Amino acid sequence: MKRVRVKYFTDQIEKLEYIDGKSDWIDLRAAENVILKQGEFKLIPLGVAMELPKGYEAHVVPRSSTFKNFGIIQTNHQGVIDCSYCGDNDQWFMPAYAIRDTEIHVNDRICQFRIMENQPKLQFDEVDTLGNDDRGGHGSTGRQ
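Before going into details, it helps to say that this report is about the structure given with it. Note that the structure is a prediction, hence the values are computed from the model and not measured. (Residues numbered from 1 in each chain as written. Predicted model: local features only at pLDDT ≥ 70, side-chain atom pairs only at ≥ 80, totals over all residues. Heavy atoms only, no water.)

### Some remarks on a nonpolar patch on the surface
The condition that has to hold: Each patch is built from salt-bridge-free residues with over 30% relative accessible area, joining like charges within 9 Å and nonpolar side chains (Val, Leu, Ile, Met, Phe, Trp, Tyr) within 5 Å. Calculation of accessible area relied on Shrake-Rupley with a 1.4 Å probe; when residues are assessed, cover is drawn exclusively from the protein chains displayed. Salt bridge, as used here, is a side-chain nitrogen of Lys or Arg placed within 4 Å of a carboxyl oxygen of Asp or Glu. Each helix is a run of H or I in the DSSP string that is no shorter than four residues. Each strand is a run of E no shorter than two, and both are numbered from the N terminus.
Together, F41, L43, F67, I73, Y85, F93, Y97 and I99 make up a nonpolar patch on the protein surface, roughly 700 Å² of accessible area in all. Secondary structure elements with two or more residues in the nonpolar patch: strand 4 (41-45) and strand 9 (93-98). In this fold, Y97 is placed in strand 9.

### Considerations on unusual backbone geometry
Even without glycine at this site, H77 takes up a positive phi of about 65°. Relative to the helices and strands, H77 resides in the loop between strand 7 (72-74) and strand 8 (79-82). Despite not being glycine, N107 has its phi angle at roughly 85°, a positive value. As for its placement among the helices and strands, N107 is situated in the loop between strand 10 (102-104) and strand 11 (109-117).

### Focus on the sheet that holds strand 8
Selection rule: The pairing criterion is simple: DSSP has to find at least two bridges between the two strands. Axes, fitted as lines to C-alpha atoms, cover a helix only where it is in contact. Angles between the N-to-C directions of the axes lie from 0 to 180 degrees.
Read across the sheet, 4 strands follow the order 2-11-6-8 without closing on themselves; strand pairing throughout is antiparallel. Strands at the two margins of the open sheet, each flanked by one partner only, are strand 2 (26-29) and strand 8. Taken pair by pair, the neighbouring strands of this sheet meet at an average axis angle of 30°, ignoring direction. Looking at chain direction, strand 6 (residues 56-62) and strand 11 are connected through 7 bridges and run antiparallel. Residue pairing for strand 11: V60 is matched across the bridge by F113.

### Some remarks on the sheet that holds strand 4
The 3 strands are arranged 4-9-7 in an open sheet whose pairing can be described as antiparallel. Each of the sheet's edge strands pairs with one partner strand only, and the pair in question is strand 4 and strand 7. For this sheet, the mean angle separating the axes of adjacent strands, direction not counted, is 40°. Here 5 bridges tie strand 4 to strand 9, and the two strands are oriented antiparallel to one another. In the sheet register, L43 faces strand 9, and the bridge partner there is P95.

### Notes on the side chain of Q74
Formally: Each residue's exposure class comes from its accessible area (1.4 Å probe, protein chains only) as a fraction of the maximum for that residue type: buried when under 20%, exposed when over 50%, partly exposed otherwise. Residues adjacent in sequence count toward polar contacts only when both atoms are side-chain atoms; beyond that, a polar contact is any pair of N or O atoms within 3.5 Å, and within protein one must be able to donate a hydrogen and the other to accept it.
Structurally, Q74 can be placed in strand 7. Accessibility expressed as a relative area gives 3% for Q74, which makes it buried. Within the structure, the side chain of Q74 is placed 3.2 Å from the backbone oxygen of V60, a separation counted as a polar contact. Polar side-chain contacts of Q74 include one of 3.0 Å to the side chain of N76.

### Thoughts on the side chain of D108
Operational definition: None of His or the chain ends enter the tally, which takes Lys and Arg as positive and Asp and Glu as negative. Residue contacts are counted whenever heavy atoms from the two residues lie within 4.5 Å of one another.
Its location among the elements puts D108 in the loop between strand 10 and strand 11. We note that D108 is buried and unpaired, the nearest opposite charge coming from R29 at a distance of 6.8 Å. If we skip the residues at most four places from it in the chain, D108 touches L28, R29, A30 and F70.

### Observations concerning the nonpolar core
Buried together is how nonpolar side chains tend to be arranged in soluble globular proteins. So the rule is basically this: Residues belong to a common nonpolar core when they are buried Ala, Val, Leu, Ile, Met, Phe, Trp, Tyr or Cys residues joined through side-chain atoms within 4.5 Å.
Counting residues in each nonpolar core, the largest one holds 26 residues, and the members touching the most others are L28, I44, I72, W92, I104, I110 and F113. Of all the secondary-structure elements, those providing two or more residues to this core are strand 2, strand 3 (34-36), strand 5 (48-51), strand 6, strand 9 and strand 11. Every residue in contact with I110, bar those within four places of it in the chain, is listed here: L28, A30, I44, L46, P62, R63, T66, F70, M94 and I104.

No statement about biological role is implied by the geometric values presented.
Here it is as structure tokens:
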């Protein structure tokens with residue numbers, strides 16, 4: 001089992017918890033009260049810094065209920081925190097844009113993360129043909 005050292009910037013948020021068998025995503029909470037008017041942007045502090053294992057990174061995304069409950073979207077859509085962001089003052093934040101006036105309270109669950117192994121080293125080889133069946137372009141939707 002991998003171990004992750006966590007520094008908390010406040011005692012007002014619940015501690016991180018991995019719930020085995022339920023989900024491998026871990027909730028992150030607002031570390032301060034935030035009031036946003038429609039169209040405003042704010043980096044919402046999440047109250048934690050972590051030392052991720054070497055060769056791993058954290059992927060941070062909104063929870064499925066974040067937009068419905070708070071009317072915010074994460075401006076980078078997915079945050080990636082690499083293992084070098086591990087200093088005592090390297091607090092994690094959620095970059096949020098308000099679609100409507102909203103209020104977020106300390107300890108509200110606003111996003112989630114999971115720790116992923118870094119992508120392996122890759123080499124790209126240019127070819128004239130891939131030699132596979134053509135699905136018709138346009139991604140998974142196939143032909144127009």
